[in-house]
Amino acid sequence: FDVMSHSHKFADVTTDDGAKAFNESLLVAPMPEQEAELSTPLTIEIIDAVVRKETFLNVGDGIGTKEHVEYIIKLTRGLELKTLGKRYSELQAFHQLLLEHRLIDRTRAPPFPEKQTFRDGWYKFDHTDTSSDFVRTRKIALDQYLKRLFESSATLYHEPCVIAFFGIEDFELKAAEEVSKAAALKAAKAKAQALPPQKTIQPNMRGLYDV
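Residues numbered from 1 in each chain as written. Predicted model: local features only at pLDDT ≥ 70, side-chain atom pairs only at ≥ 80, totals over all residues. Heavy atoms only, no water.

**Focus on the packing of helix α4 (residues 88-100) against helix α5 (residues 133-152)**
The contact between α4 and α5 brings their axes to 12 Å, and the two run at 25°. Overall, the two elements α4 and α5 adopt an arrangement that is roughly parallel. When you trace α4 past α5, the crossing you get is left-handed. The segment α4 lies against α5, with Tyr88, Leu91, Phe94, His95 and Leu98 engaging Arg138, Leu142, Tyr145, Leu146 and Leu149. Along the lines of polarity and charge, the residues of the contact of α4 with α5 split into eight nonpolar, one polar and one charged. (Axes fitted to C-alpha atoms, helices over the stretch in contact; angles between N-to-C directions. Helix = DSSP H or I, 4+ residues; strand = E, 2+ residues; numbered from the N terminus. Parallel < 35°, antiparallel > 145°, perpendicular 65-115°, else oblique. Left-handed = near helix turned anticlockwise from the far one by under 90°. Contact = heavy atoms within 4.5 Å. Nonpolar A, V, L, I, M, F, W, Y, C, P; charged D, E, K, R; others polar.)

Next up, the structure:
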């Protein structure tokens, strides 16, 4: 068997230009597993702000109550939907956690909205008034932050701490199913391509089949 006599059949990968193009195609074209993850991205938005009351024990005064604002976050991925409430301080701690564990790139990820930027026009008690400029401005800033965060890292929601923070275990299960299906499809295609072509048996001149 003369290998060189068949070299022209593999010129697309054996020549310098061909090998370069082949390697570049591997870098550019996503694998089926990556396509499954990226084809159905996660979207996130803050849809509302609500006031919550919490009770606390004050020494000498008994049980008291205080109010805080929670921002209602809606997450969707395909047909999956999740809504939950988070305080500004919780989202700030979440951002810090991502940085500490190096789950986001500091050069690409958006900075977390600074607390002081919301003090313009602040007046007493408006930090728990959901119709105030203070809360509306903070809601918009946090919404923009979350959108940019997940846009800068499309697969961030696969991280365990992100799954736990937003309670999106069902999203991850669905994503795993998609990856599994994509891998199975890839294996089936590879198997089909590896099978030799089926030989068609034609009858001979006597009307009989040669086997």
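Picking up where we left off.
**Describing the packing of aromatic side chains**
Summed over all chains, the structure comprises six aromatic pairs. Considering the side-chain rings of Phe94 and Phe166, the 5.3 Å spacing of their centres and the 80° angle between planes classify their relative orientation as edge-to-face. Placement of Phe94 in helix α4 and of Phe166 in helix α6 (residues 160-166) is noted, with a sequence separation of 72 residues between them. The class of Phe94 is buried, set by a relative accessible area of 2%. Note on Phe165 and Phe166: the rings are 4.9 Å apart at their centroids and 90° apart in plane angle, and the pair reads as edge-to-face. Comparing Phe165 with Phe166, the two get one shared label, buried. These aromatic residues form a ring-pair network of at least three members: Phe94, Phe150, Phe165 and Phe166. Lying over the aromatic face of Phe165, Lys86 brings its terminal NZ or CZ to 4.1 Å of the ring centre. Seen from the ring of Tyr88, Arg138 lies directly overhead, with NZ or CZ sitting 3.9 Å from the centre. (Phe/Tyr/Trp six-rings, centres within 6.5 Å; stacked < 30°, edge-to-face > 60°. Buried < 20%, exposed > 50% of the residue type's maximum accessible area, 1.4 Å probe, protein only. Lys NZ or Arg CZ within 6 Å of the ring centre and 35° of its normal.)

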